[in-house]
Structure formats: C-alpha cells, structure tokens
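Coordinates in review
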Amino acid sequence: MNDDWMPAEQEKQLRTRVAHDRERLHFQFRWDQPDPGGWIHDMLAYHEGEWRQFADPSPWVSDDGHTGFYEDRLSFFLDDGSVRGFEEFAGWLTAHEGMRSLPSAASVADVTSHPHYGDRLGKSDIRKFLPQACAGEWWEGDWREVRSPGELQAMKAHGEFLDLPMWRAHRSDPVGYGTDAHVLDYRHADDGRRTYTSQEWTSDAGPELMFDPDVVDGGALDYHAVSAGEFPAQGSGTYALTPDVTVPFDPGVAEWEGAMIPRRPVREPTGSAADWTASGTWTGDEWVVTMSRPLVTDTPSDTTQLSPGEIYLWAPAIHHGAGKRWHWAGYAHRLGLGVTPERTADLPPPLVAHEVEPATAAADVDWTKIPVHTTPLVFPGIASWTDLVNGQRATAIRNLETTMWKLHGRAAE
C-alpha cells in the first residue's frame, strides 16, 4: 500500500437500516461519496499500438500518473458469536503479519512452497485469516503454523468462521447480486459460481470478448472520455460485460486508440455464492446500497445461519477506489433480529433488525419506517492483529480485557 494514498477523510459515517420478515434479512446502506465513476473497474485499453491493463488506483485515490479504475464496494463480517475476539476487535482480528499489502507480506516463494497454502490451496499470497486457525495460543496467528485440514473442518462445523458478503459496484451489481466469502484459514469464496470471472488477453492479440457494437459504438468504451470524467451512466448505462451485451472480440471493430474493455465479465451466480441479492445507486453525492438474503440457507458450512429473536455480531467496511487495505473499517456491533441487544460501554451501540411484512427483495421494504443507525468507520492503515497483540496493550488485548472501540477512545460515546 502506497503511503501517499492516505484518504482525505480519516473517518466515514455509514448510515444503516436493517429489517427482517422472518424469512429474509434486509439491509440498506448509505454513505457520502462525492467521487464519480466508482462503478468502473479493471479495464483493458488499447494504447499506443498495444493492449494494456488499466487497474487501480482510481484517480481520486492517487492522481500521480494514474491509469486505473477500481470499483467501490461495501462489505461486512457476520458472526454468530462463535469466533473468539471478534466482538472485541472486528476485522482487525483477521489482518496478520505476512498478509498481502502489508510491509511484512510473505513472498510468493514462501507461500507456494507451504504445504497448506501452496500445495493444498494453490495460493501464492496470504489473505485474511483467523488467529485460531493457527497452532499455539489463540491469539498468535502465525500462518506458517496453520492447523490441519481436519481441525479446520471441525472449526467450520462449529461455526468458527466469519461470513463475509460484499456488494461490488462493477463485479456484482450489474447482475443484481453481491459476492459471498468466509474467513477461517483464508478468505475463501463460498461454494458455487461467483458473479465475475476473468477473460484472457495479450498485449498484441487483445482480449477474448468485447461489447456488442450494436449496443456500444465501436465495441468498447473510450478510455480518453472516461479519464476526462465522462463515465457511462451507472445503472442505466452499459459499462460491464454482462452476457446480454458480450460478443467475441473483433480487432477490426474494437482495436482503436483508447478502446477500453472490462477484464472482468460478469454473470449470474449459483449455489452459496448466490445467497445475497444486492443493488446500489450513486445519487451524485452518496451511495445507496441494499442487500438481502434468506435467514436460513442451503449451505451452513460457509454461511452464518440466522433466526428471529437471536443476536449476532456485525462489522462493516467501505472500499473506495483501490483494493486491499485501502478502505474504512468498522467496529463489531451486536445485531438483534427483532430484539434489542444489551448495550455495554465498551462496545458500539447495537442494531436491531426490525420485523417487517414479507419482502422478496430489499427494494420491497418501506425503509422510511426503519430507524437509521449511524456508525463510524476508520482508515486502518497498515495496523494488524500481530501489531496489537505485541504492542503496549498486548496483555489486555490477548485477554480480551479491552476492545477496538475503547482503544480508539470511543467507549464513552
């Protein structure tokens, strides 16, 4: 992560409404976002006689010779209380020494040669994981000492993982879904087909796919126009390679200076990856995002199951203009489905999912009748769980005698 990418706002205010109808859980999220174009993502552009990948960061993250576009996202962790330390430390619990984008990131050689991450999972980097997924004290979290597959499977069976759904403005919104993952020894995608894939491309032959020229003139977006701020209309415009506007690439049509085509085609998901429907609208100064899923799903092995009258833990994040650690992270809140959780001074105010009439989608909920819960999200920088459990407050953190809410001086709020 480039130190120069420090956001102008160190804190974001997320405005959340939550409802349930005894069959489905519904969220509405709103947050201020003045920068346009957050639905453009990871483009292949024909420039000076060859195809190039123009990825992150977006120009509003860094204007130092940028050639990138990276979608806006909203994500949150959901836990039934099984993960020790999550209520106290939320997403900070999942960031460890060795994780990608941190100064201590493990080398590709070290990861690919590891018997679990390299041989078994086929990974080349370390991503979010729980410290309990590793041997030793519960808080240690050394990825090199990850537990055996049998132990990890037993943890999952007992609900010791974090559910991690996400709304993505480009890679999921155009098909009306979110993406779904869970965190234990790694940030795993849920079973099934996710909303996006990758198309092959080379600098000389170009991509495999392009826009239907009957829909998008020239079979591609215009990089120069988009760079100048002429973004395709979010929602009503064509900016994503959805199946209905995608055709095989024809260099005779789409190979022109500035032609720009998404690298990530999108499609309707299947299986557990399709649990969350989602939709977002950029109003010109804020995002309004709704998400919805069944309380009970077909895949309890990778999805937190929900029941009216019970209390869960929830911690949100907003991602803007870049990937990895460049985001605003939230504290863990108690979330009651039709009940009001107890409030303690060491934790943020709880949320209540109010019971509403049956609604097949979040858009069917009368959100004006649901109270707004506003919660602060903060820029975490490169602070990790490893730093916390070895820092000045190490003993209190290891013993769960404090919380991230208290450490940030918010316990009196």
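How each quantity is defined
Residues numbered from 1 in each chain as written. Predicted model: local features only at pLDDT ≥ 70, side-chain atom pairs only at ≥ 80, totals over all residues. Heavy atoms only, no water. Helix = DSSP H or I, 4+ residues; strand = E, 2+ residues; numbered from the N terminus. Rg over C-alpha atoms; globule rule 2.2 N^0.38 Å. Buried < 20%, exposed > 50% of the residue type's maximum accessible area, 1.4 Å probe, protein only. Contact = heavy atoms within 4.5 Å. Areas by Shrake-Rupley, 256 points an atom, 1.4 Å probe, with all protein chains shown as cover. Lys, Arg positive; Asp, Glu negative; His and termini not counted. Charge placed at Lys NZ, Arg CZ, Asp CG, Glu CD. Pairing = 2+ DSSP bridges. Arc of directions from axis to C-beta. Phe/Tyr/Trp six-rings, centres within 6.5 Å; stacked < 30°, edge-to-face > 60°. Lys NZ or Arg CZ within 6 Å of the ring centre and 35° of its normal.

On a plain count of helices and strands, the protein comes out with nine helices and 21 strands. The C-alpha radius of gyration of the protein comes to 22 Å, within 12% of the 22 Å expected for a compact globule of 413 residues. Considered along the principal axes of its C-alpha atoms, the protein spans approximately 65 × 55 × 40 Å. Burial analysis of the protein (413 residues in total) assigns 55% to the buried set. The long-range share in the protein, meaning contacts at least 24 apart out of those at least 6 apart in sequence, stands at 71%. Approximately 16,800 Å² of the protein is accessible, and the part contributed by carbon and sulfur atoms is 45%. Charge centroids of the protein, computed over 35 positive and 64 negative side chains, lie 5 Å from each other.

Right, let's get into unusual backbone geometry. The phi torsion at Glu48 lies on the positive side, around 55 degrees, for a residue other than glycine. Turning to its location among the elements, Glu48 is positioned in the loop between β3 (43-47) and β4 (50-54). Residue Glu48 is classed as exposed on the basis of its relative accessible area, which comes to 59%. In this structure, Ala90 is a non-glycine residue whose phi angle is positive, near 50 degrees. Position of Ala90 relative to the elements: it lies in the loop between α1 (86-89) and α2 (108-112). Accessibility expressed as a relative area gives 1% for Ala90, which makes it buried.

To continue, consider the sheet that holds strand β14 (residues 259-262). Strand order in the open sheet formed by four strands is β4-β3-β14-β12, with antiparallel pairing between adjacent strands. Each having just a single partner strand, β4 and β12 (221-222) make up the two edges of the open sheet. Pairing geometry for β12 and β14, over two bridges, is antiparallel. Considered in β14, the bridge of Leu221 is made with Met260.

Below, the discussion takes up helix α4 (residues 149-157). The set of residues buried in α4 consists of Leu152, Met155 and Lys156. Projected down its long axis, α4 shows its buried positions confined to an angular sector of 100 degrees, all on one face. Each element contacted by the buried residues of α4 is listed here: α3 (115-120) and β7 (179-183). Directly beyond the C-terminal end of α4, a positive phi value near 80 degrees is found at Gly159.

What follows covers the side chain of His96. Structurally, the position occupied by His96 is in the loop between α1 and α2. Among residues more than four places away in sequence, those in contact with His96 are Leu102, Phe129, Leu130, Pro131, Gly141, Ser384, Trp385 and Thr386.

So, about the packing of aromatic side chains. The description of an aromatic ring pair uses the distance of the two centres, along with the angle that the planes make with each other. Counted by the stated rule, this structure contains 24 aromatic pairs. Here Phe27 and Phe76 contribute two aromatic rings whose centre-to-centre distance is 4.9 Å and whose plane-to-plane angle is 45 degrees, an arrangement assigned as tilted. Placement of the pair is Phe27 in strand β2 (residues 24-32) and Phe76 in strand β5 (residues 73-79), with a sequence separation of 49 residues. No difference in accessibility class separates Phe27 from Phe76, as the two residues are buried. Aromatic pair Trp39 and Trp282: ring centres 5.6 Å apart, planes at 50 degrees, arrangement tilted. Taken together, the positions of Trp39 in the loop between β2 and β3 and Trp282 in strand β15 (residues 277-282) put the pair 243 residues apart, joining distant regions of the chain. For Trp282, a relative accessible area of 18% corresponds to the buried category. Aromatic ring contacts, followed pair by pair, group Trp31, Trp39, Trp167, Phe231, Trp282 and Trp287 into a single cluster. Residue placement shows Lys12 over the ring face of Trp328; its charged tip is 5.2 Å from the ring centre. Over the ring of Tyr196 we find Arg171, and its NZ or CZ is 4.9 Å from the ring centre.

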